[in-house]
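# Residue-level structure breakdown
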Amino acid sequence: MLNEFLAVADGFDRAFSEPSWQNIDKNWQDGIKYLYNHFASILKDFGVEPIEARGKPFNPQEHEALEYVETEKAEEEGLVLVEARKGYKMHQKILRPAQVKVGKYKSN
């Protein structure tokens, strides 16, 4: 059942990231954000929380690397640069890892 609820959370995330989101009436945006926040609050009450990924060091226990992307910044080596899909945990148990793209320093 939790996987189905996480799919709903994914749907909200996709909707918020669409360029067309900015064209939606502000009152509708506020209403949808309210529903999302209420939904996220319910998940949190049951111990379900998103895994922090972007900007964090790659952790194979919490992150699934989809690919490595070259970066010209040495400090981005091994960091999660892109989060393709949120991961979630429940009471410290991984429900699903975050799908991420990891920085790989392009040395000259």
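To start, this report covers the structure provided alongside it. Just so it is clear, the model here is predicted, and its values are computed rather than measured.

### Comments concerning the pattern of salt bridges
Under the defined criterion, the tally for this structure stands at six salt bridges. With its nearest N and O atoms 2.5 Å apart, the salt bridge here joins Asp10 to Arg96. With a gap of 86 residues between them, Asp10 in helix α1 (residues 2-17) and Arg96 in strand β5 (residues 93-96) connect regions that are remote in the sequence. We classify Asp10 as buried; its relative accessible area is 11%. Between Lys26 and Asp30 there is a salt bridge; the shortest N-O distance is 3.1 Å. Of this pair, Lys26 and Asp30 are both found in helix α2 (residues 26-45), four residues apart, which corresponds to roughly one turn of the helix. The exposure class assigned to Lys26 is exposed, which follows from its relative accessible area of 54%. Taking relative accessible area as the criterion, Asp30 reaches 35% and is therefore assigned partly exposed.

### A word on the sheet that holds strand β6 (residues 98-105)
One open sheet holds the three strands; their spatial order is β2-β6-β3, and the pairing between them is mixed. Each edge of the open sheet carries a strand with a single partner, namely β2 (63-71) and β3 (80-85). Between one strand axis and the next, the sheet turns by 25 degrees as a mean value, whatever way the strands run. One ladder, built from four bridges, connects β3 with β6; its direction is antiparallel. Looking at the pairing, Glu83 lines up with Val100 of β6.

Cut-offs and rules
- The numbers attached to residues start from 1 for each chain and follow its sequence in the written order.
- Whole-chain, interface and lining totals are the exception, using all residues; otherwise, since this is a predicted model, local features are given only for residues with pLDDT of at least 70 and side-chain atom pairs are given and counted only at 80 or more.
- As a rule here, side-chain values come from all non-hydrogen atoms in the structure, and water together with hydrogens is ignored.
- Put simply, a salt bridge is a Lys or Arg side-chain nitrogen that is within 4 Å of an Asp or Glu carboxyl oxygen.
- Secondary structure follows DSSP: runs of H or I at least 4 residues long count as helices, runs of E at least 2 residues long count as strands, and numbering of each begins at the N terminus.
- Buried residues are those whose accessible area, probed at 1.4 Å on protein chains only, stays under 20% of the maximum for their type, while exposed residues exceed 50% and partly exposed ones sit between those limits.
- Note on pairing: DSSP must find at least two bridges between two strands before they are called paired.
- An axis is simply a line fitted to the C-alpha atoms; with a helix, the fit covers only the stretch in contact. Between two such axes, the angle follows the N-to-C directions and lies from 0 to 180 degrees.

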